[in-house]
Number of protein chains: 2
Amino acid sequence: MSDQGATLTPSPAPPAPTGPRPKVTNRGRTTIPAASSNSDSTDVPEFEPFGVAGPRGYPPMTEYLDIWDVDMVRNREGSNKQQHHTDFYNSDALIVRRGQEFQIKIIFNRPYKPTEDKFALEFVIGSSPQYSKGTYIPVFPTQEQQSSWAGRIVNTSDNAVTMGITPIANCIVGKYQLYVAVMTPFGIRRTRRDDTRKLYILFNPWVAADDVYLDDEKERQECIMNEMGIIYHGSFDDVAERNWNYGQFNYGILDACLYILDRSEMPITNRGDPIKVTRKASAMLNSHDDEGVLVGNWSGDYTYGVAPTSWTGSTDILLTYASSKMPVCYSQCWVYAAVFNTFLRCLGIPARVVTNYFSAHDNDGNLKTDIILLEDGRIDRSNTKDSIWNYHCWNECYMSRPDLPAGFGGWQVVDATPQETSDGMYRCGPASVQAIKHGQICYPFDAAFVFAEVNSDVVFYSRKRDGTMVPVKVNQTHVGRMILTKAVGSMERRDITDNYKFPEGTKEERTVLEKAEEYGCKREKSEPPEADVDLVLPTLEATVGDDFTFELEFINRSNEGRVVEAYISGNVVYYTGVTSSEFLLRDSIVRIGPQKSVKTTVEIESKKYMKNLVEQANLHFIVSGKVKETGRIVTALKVVNLHNPKLTITVSDVGKVNEEMMAIVEFTNPFSFSLEDVYIRMEGPGVMQPKSKYYSLIPNGSSLTWTEFFTPHRAGTTRVIATLDCPALRQVHGQASLTIEP
Amino acid sequence: MSDQGATLTPSPAPPAPTGPRPKVTNRGRTTIPAASSNSDSTDVPEFEPFGVAGPRGYPPMTEYLDIWDVDMVRNREGSNKQQHHTDFYNSDALIVRRGQEFQIKIIFNRPYKPTEDKFALEFVIGSSPQYSKGTYIPVFPTQEQQSSWAGRIVNTSDNAVTMGITPIANCIVGKYQLYVAVMTPFGIRRTRRDDTRKLYILFNPWVAADDVYLDDEKERQECIMNEMGIIYHGSFDDVAERNWNYGQFNYGILDACLYILDRSEMPITNRGDPIKVTRKASAMLNSHDDEGVLVGNWSGDYTYGVAPTSWTGSTDILLTYASSKMPVCYSQCWVYAAVFNTFLRCLGIPARVVTNYFSAHDNDGNLKTDIILLEDGRIDRSNTKDSIWNYHCWNECYMSRPDLPAGFGGWQVVDATPQETSDGMYRCGPASVQAIKHGQICYPFDAAFVFAEVNSDVVFYSRKRDGTMVPVKVNQTHVGRMILTKAVGSMERRDITDNYKFPEGTKEERTVLEKAEEYGCKREKSEPPEADVDLVLPTLEATVGDDFTFELEFINRSNEGRVVEAYISGNVVYYTGVTSSEFLLRDSIVRIGPQKSVKTTVEIESKKYMKNLVEQANLHFIVSGKVKETGRIVTALKVVNLHNPKLTITVSDVGKVNEEMMAIVEFTNPFSFSLEDVYIRMEGPGVMQPKSKYYSLIPNGSSLTWTEFFTPHRAGTTRVIATLDCPALRQVHGQASLTIEP
């Protein structure tokens, strides 16, 4: 074929190269890797010549301005920190908020001459700073020359110039390095890099131009400035509280929060956008995929870490993550939400933790949770695989939503708890609460998912012998029964169910559900005929270890006699609604006269449930049965939260800043068995760093007393909070209020 | 404090446990792990009793129906495969499409008695099958009893019954196991698990009830049935083609596609939803995060894998991934898009590959690509960090969008190429093309991102000495210059730019950009005054190794003389627009009379660029300068694709199914240097499996001839395609058309 040489013959292919495969580089793909770490930085040159030097080099530049010192005006009583609401941060660095002026004082070698001298403050963040990316911002003192950040001279005296700088209200949030540059005819002369000249710029809910602007000082005080948290759990008719120290101002927390973003490799240029920051953080707070902050564990075995119920605040978790650079063990939903809340408040995004009672989790945005019954009305355990969480905690954060049509700004749901069985959702939100309320679930991010968590129906199916299933009852009010958050400025709770849903049974509610269905949320449409017998279960409170009586009431609404064959199943459940074990199964035939009601009682003996109890001590009763005359199905569900013994904390009511105080924690083992491997943890916002004590054994009936001294470092009303935790007994709390005077 | 015993003292905390941390289980978190593998399956019991057996066990069940055999009616000429458009699949199993009836024949031990005998076909997918989740579906022969899948008896003869089964049009897509169950008074008796009784159910674009319904037979033939692909590259004014064998019907490909979903751990229950399947697959086609199919590499060093330009089709890639269970090396955008296309067509989702010329990639949904110039008009290389891809390939797939308001169904963009420098976007889409065209970019998924890829402005900044930058020119027409896909039913190209954008300069276009801005897409708003001198660069075609002349024309539109000081920079670039090296930098002072034009030429010598050429042989010319009289900036950009030598393939024009044919590949090394480590690859849809040959050396001027025999296995017009690849020369193609007669 060629006239230049013989035709070639192929060779056997060479063996595949051995040894580790080299790391693929970004060569050919991008000019430079995107800056994605707030710890990296490039050194800016100290001298940047304008042209080639003459044969004798540059002349001595003694006649030009020289910088002797830069004062970051960061002292605690200085104007910057107070005006920027950052004086609580336990940090030596200057911390300010964007969109608002702060001051920096420069001391020159001689008085500044406005007509002759040209200088600029240069703010630099990340590697490869660039003006058009907002990572390099020069700030000029004169009206004629201004960059995207406003600059002005506030004051001049002797050799000192005080500059006022206003970072643009959408600037990148994080840690900046400050340089002072002086322009000479030969080039730009700069201060050397100096780590004391760093400053942190945060989101600013006090400024209308910021996307996180929140127009209510009391709300800002609660959702940015408050370290003391209350997170609700238990059940809607027996609400319980956890106290939590968010600790967003504690030493090292701000750096830990920035480390989380660095660890996520989030490009620096995106870090001014609260939508992107909160979405990224919802992924990074859990360890799935990305070696994020917290490892989830719902198994009851926490040998290799701290039990989720044992934490008292976020400080230990965030500092451990930032120092070990490894995910921290262990977390459940409220721990994710609490640490996320610290992150958000620390960076200046208004945030709160909310609790949704009966949360239809993990069902991938469908509006159905299935409970399968056998033909005789008993629950079919082997086929019932969905579960409804007794409660689920997530966060709301406040921001405008320029990416959506008008009306969807305000509170947004973000959720860092990984959704194990859904389609790999290890991030959730921000989803507009307004969009959820109005069924506008087509808007990002994950609104349909949250909508299902508060609006799913519980569908009872009867499973026939041939494997098919017929819906026999649809309960539309069980899921999303109540949504709570801590009230602004008080220790009370606030019911915000109305923010998420129109009242059950209203026309608006129906319209919203129809709207959601248009966007593909599938519901069970059949309306199985209702039984004419109602079943009412009691509200009851009991303490772990008590025997108690469980009373069922059957109400016959018909004009004929009814016989109900009912099955009562008592189960120990996790707070996720997952059954650990069934400790009671009784059947009962109840005869009810026309328009009459009949009560029947079941005695619950503690010995039956105690040996199987799991950490949050929840008992779940499912009563189901069949009306003999009509074949209709009767069902009812009830969660009973057994109350745990308490820790007692005693503190003097009133203390003074910087004066030592004492807290006494006491506990008596009320059980007939010993407690082993017991940890007690204690801390208090503004008064006490996290502390812990370990007791290898607390014999039954015996008591412990732990006395701890502490020195409050700021004034105000606060709490000291403590937990006790051991494998045999979890979720034991105590707290004491105190007021610190200045 | 206790009167029952002495107060306890704390112990030192025990040492942290050593050894590896145990794997966290889902205990307490979920009842069962979600079924997420189509390879797992539970054995369904052979006998499922209805009650407890009597003291003598169960009576002999000879009087009830027994199953002798099940015929899956899977023979090639059988009605199922042809009517379901699945006869091209090279598979022994039955493959059907949902929403459409298929037939299965059951042979009993005796004739079926409709009034007495009760049986059902049971279709089971994944572990823990459940009727309410759509993973267990019994199908009944009688009108009175029907499940979500319709069943009927089509034919009865002797002991055989032919059942017609219509899977519901939104059923799960994947591999099902079939059982036949007979109901006896004592329980359900089933056939034993038998791997020959598996069947695959696919998406069905032929059926209106399916979300992927496409109402055009020609389009369906192209976007589902065609294995022969043409993928466009080069530049908009010099379009080049790659031939590609999608190979969606090749042996093992369907199983490989299901393996991809299994590997992603996508819950089985989501696999009927084309939105979720395509979104998940866009993440899984790249290896980022999830050990997905293809490893991206743009570096030019492909030592440890196959160069992206060397692949001829998807078959090798998918089969390697499924057998090695490791990501395959290496890929660039068209490889991702081509393999994704195979995946989509194989599962029955209408799909095509599109090419966007000048694609503003990696800019995170902003509408700006920055080019920085020095004050004298030269490009400032160290500060220009954005790049525009010469072209970028993605996929479109066709489906309705029930999750969005009406009007956004139809073609959807999905993109599997990882967006390296954007905010960790390793999945993209589905984004409605209609939403992109109308600026409705608030709808999921990632519409804003794709909008920016086709609509960004190129902004030229002049960088001042103090570091600030002033926009001097905004080019609104460069990016998204043309969008191409293969035409339906021909080998021609089809310009679909109109699907994405209103024509430049129209009122609609302006409205759309304003709408997009409302949703937070930031544009450069300044309108720097235009220079009155235009600069026109030539369209030219050149072959690798050629010297050629580059001609610039300056047009003075003013009534005065103009002097332009212009800088011409010639660069070798990757197709990602990233510069590898600058081989030419010239300045030129051009004087132009009023209303006159002046041409100036630059000679390009091959020796200047040859030694630095990177794989796709693109030269990028940037001409920029300043008009002396006005200070205005003049700029122009030009990509020149040097053409490579060709492979020659010779095949007889006409062949016959199952008759051997011959293909001859020839290549002569036209360069002055030898080529080393040369791979040649060849394959052809429906006629030839992938083959390759290795030549350790092709001396300059010498030729090779490779003769390969092959046997076409189906009729039609098709191509044989081949590539040649070695480190010194990439992207050498050849193809030959042929028609196979039945």
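Thresholds, definitions, all that
Residues numbered from 1 in each chain as written. Chains lettered and ligands numbered in written order. Predicted model: local features only at pLDDT ≥ 70, side-chain atom pairs only at ≥ 80, totals over all residues. Heavy atoms only, no water. UniProt positions renumbered as here; feature names shortened; annotations may be inferred. Helix = DSSP H or I, 4+ residues; strand = E, 2+ residues; numbered from the N terminus. Buried < 20%, exposed > 50% of the residue type's maximum accessible area, 1.4 Å probe, protein only. Contact = heavy atoms within 4.5 Å. Areas by Shrake-Rupley, 256 points an atom, 1.4 Å probe, with all protein chains shown as cover. Domains from an automatic or database assignment. Pairing = 2+ DSSP bridges. Axes fitted to C-alpha atoms, helices over the stretch in contact; angles between N-to-C directions. Polar contact = N/O pair within 3.5 Å; in protein donor to acceptor, adjacent residues only side chain to side chain. Least-squares fit on C-alpha atoms with pLDDT ≥ 70 in both. Salt bridge = Lys/Arg side-chain N within 4 Å of Asp/Glu carboxyl O. Phe/Tyr/Trp six-rings, centres within 6.5 Å; stacked < 30°, edge-to-face > 60°. Buried area = accessible area lost by both parts, 1.4 Å probe. Disulfide = S-S within 2.5 Å. Parallel < 35°, antiparallel > 145°, perpendicular 65-115°, else oblique. Nonpolar A, V, L, I, M, F, W, Y, C, P; charged D, E, K, R; others polar.

If you look chain A up in an unreviewed UniProt entry, it shows as protein-glutamine gamma-glutamyltransferase from Mola mola. Database annotation for chain A, UniProt heading Sequence similarities (unreviewed entry): "Belongs to the transglutaminase superfamily. Transglutaminase family." Word for word, the UniProt comment on chain A under Catalytic activity (unreviewed entry) is "L-glutaminyl-[protein] + L-lysyl-[protein] = [protein]-L-lysyl-N(6)-5-L-glutamyl-[protein] + NH4(+)".

Per the secondary structure count, chain A includes 11 helices and 40 strands. Residues counted as buried form 59% of the 742 residues belonging to chain A. Long-range pairs, those at least 24 residues apart, make up 68% of the contacts in chain A with a sequence separation of at least 6. Total accessible area computed for chain A in this model is approximately 28,300 Å², and 48% of it derives from carbon and sulfur atoms.

So, about the UniProt feature "active site" (unreviewed entry) in chain A. Residues and elements named next belong to chain A. The UniProt feature table records "active site" (unreviewed entry) at Cys333, His392 and Asp415. For the residues just named, distributed over 83 residues, the greatest C-alpha separation is only 9.9 Å, placing them together at one site. The exposure class assigned to cysteine 333 is buried, which follows from its relative accessible area of 0%. Setting aside anything within four residues of it in sequence, one finds cysteine 333 in contact with Trp298, Trp389, Tyr391, His392, Cys393, Thr417 and Tyr575.

All right, on to the domain arrangement of chain A then. Along its sequence, chain A is carved into domain 1 (47-52 + 62-202), domain 2 (228-519), domain 3 (533-643) and domain 4 (648-740). Relative placement of domain 1 of chain A and domain 4 of chain A: their C-alpha centres are 46 Å apart.

Right, let's talk about the sheet that holds strand β8 (residues 160-166) of chain B for a bit. All names here are of chain B. Taken together, 4 strands build an open sheet; the order of strands is β2-β4-β8-β7 and the sheet is antiparallel. Edge strands, defined here as strands with exactly one partner in the open sheet, are β2 (67-71) and β7 (150-157). Direction aside, neighbouring strands of the sheet carry axes that sit 25° apart on average. Bridge count for strand β4 (residues 102-108) against β8 is 6 bridges, and the pairing is antiparallel. Bridge assignment links lysine 105 to a residue of β8, and that residue is threonine 162.

Further remarks concern the side chain of glutamine 412 of chain B. Position of glutamine 412 of chain B among the secondary structure elements: in strand β19 (residues 410-414). There is a polar contact of 3.2 Å between the side chain of glutamine 412 of chain B and the backbone oxygen of glycine 410 of chain B.

Let us now look at unusual backbone geometry. With the exception of glycine, the majority of residues adopt a negative phi angle, and the majority of peptide bonds are in the trans configuration. Here the amide bond leading from glycine 429 of chain B into proline 430 of chain B is cis, since omega sits at 0°, within 30 degrees of zero. Examined against the element boundaries, proline 430 of chain B turns out to sit in the loop between β19 and β20 (431-432). Between proline 444 of chain B and phenylalanine 445 of chain B the backbone carries a cis peptide bond, its omega angle lying at 5°. As for its placement among the helices and strands, phenylalanine 445 of chain B is situated in the loop between α7 (433-437) and α8 (447-455). The backbone phi angle of aspartate 446 of chain A is positive, close to 65°, even though this residue is not glycine. Here aspartate 446 of chain A lies in the loop between α7 (433-437) and α8 (447-455). At glutamate 291 of chain B, a position not held by glycine, the phi torsion is positive, near 50°. Judged by relative accessible area, which is 37%, glutamate 291 of chain B ranks as partly exposed.

Further remarks concern the relation of the copies chain B and chain A. After a rotation of 180° and a shift along the axis of 0.0 Å, chain B superposes on chain A with an RMSD of 0.1 Å. Overall, the copies show the geometry of a two-fold rotation axis. When the interface residues of chain B are mapped onto chain A, 99% of them again fall at the interface, so both copies present the same face.

Our focus in this paragraph is the pattern of salt bridges. Applying the stated criterion across every chain yields a total of 63 salt bridges over all chains. For the salt bridge of arginine 523 of chain B with aspartate 457 of chain B, the shortest nitrogen-to-oxygen distance reads 3.0 Å. Taken together, the residues span a long stretch of sequence, with arginine 523 of chain B in the loop between α10 (507-518) and β25 (533-536) and aspartate 457 of chain B in strand β21 (residues 457-463) at a distance of 66 residues. Neither arginine 523 of chain B nor aspartate 457 of chain B differs from the other in exposure class; each is buried. Look at the salt bridges and you will find they share partners, linking Glu48, Glu122 and Arg190 of chain A into a network.

This part covers the pairing of strand β18 (residues 389-399) of chain B. Residue and element names in this part refer to chain B. Across the 11 residues of β18, 10 count as buried, placing the element largely inside the fold. Looking at chain direction, strand β16 (residues 351-359) and β18 are connected through 8 bridges and run antiparallel. Directly across from tyrosine 357, in β18, lies its bridge partner tyrosine 391.

Turning next to the packing of aromatic side chains. Geometrically, a pair of aromatic rings is defined through the distance of the ring centres and the angle of the planes. Residues and elements named next belong to chain A. With the rule as written, the count across this model stands at 52 aromatic pairs over all chains. Taking 6.0 Å as the distance between ring centres and 55° as the angle between the ring planes, the aromatic pair formed by tryptophan 394 and tyrosine 500 counts as tilted. Here tyrosine 500 lies in helix α9 (residues 497-500) and tryptophan 394 lies in strand β18 (residues 389-399), a separation of 106 residues in the sequence. A residue is classified by how much of its surface remains accessible, and tryptophan 394, at 0% relative accessible area, is buried. With a centroid separation of 5.1 Å and 40° between ring planes, the pair formed by phenylalanine 408 and tyrosine 443 is classed as tilted. Of this pair, phenylalanine 408 sits in the loop between β18 and β19 (410-414) while tyrosine 443 sits in the loop between α7 and α8, and the two are 35 residues apart along the sequence. The burial state of phenylalanine 408 is the same as that of tyrosine 443; both residues are buried.

Before going further, it helps to examine the interface of chain B and chain A. The partner chain A presents 112 residues to the 113 residues of chain B that form the contact. Between chain B and chain A, the buried area comes to about 8,900 Å², and carbon and sulfur atoms account for 55% of it. Joining chain B to chain A, the criterion identifies 2 salt bridges. The partner of lysine 133 of chain B in a salt bridge is aspartate 370 of chain A, and the shortest N-O contact between them spans 3.8 Å. In terms of residues, the side of chain B that touches chain A owes the most to one element, strand β37 (residues 688-698) of chain B, which gives 6 residues.

As enumerated under the stated definition, the model contains 0 disulfides over all chains in all. You can see cysteine 223 of chain A has no disulfide; the closest cysteine sulfur is in cysteine 397 of chain A, sitting 11 Å from it.

Turning our attention to the packing of helix α3 (residues 253-263) of chain B against helix α6 (residues 333-347) of chain B. All names here are of chain B. Direction vectors running N to C along α3 and α6 enclose 105°, while the axes themselves pass 10 Å from each other. Between α3 and α6, the interaxial angle falls into the category roughly perpendicular. Contacts from Ile253, Leu254, Cys257, Leu258, Ile260 and Leu261 of α3 reach α6 at Thr342, Phe343, Cys346 and Leu347. Broken down by class, the residue content of the contact of α3 with α6 amounts to 9 nonpolar, 1 polar and no charged.

Residues and elements named next belong to chain B. Of all 11 residues making up helix α4 (residues 274-284), 10 are buried, and the element is well covered by its neighbours. Turning to α4, its buried residues are Pro274, Ile275, Val277, Thr278, Arg279, Lys280, Ala281, Ser282, Ala283 and Met284. Contact partners of the buried residues in α4: α3, α5 (315-324), α6, β18 and β19. For α4, the N-terminal capping position is held by aspartate 273, with its side-chain oxygen 2.9 Å away from the main-chain nitrogen of isoleucine 275.

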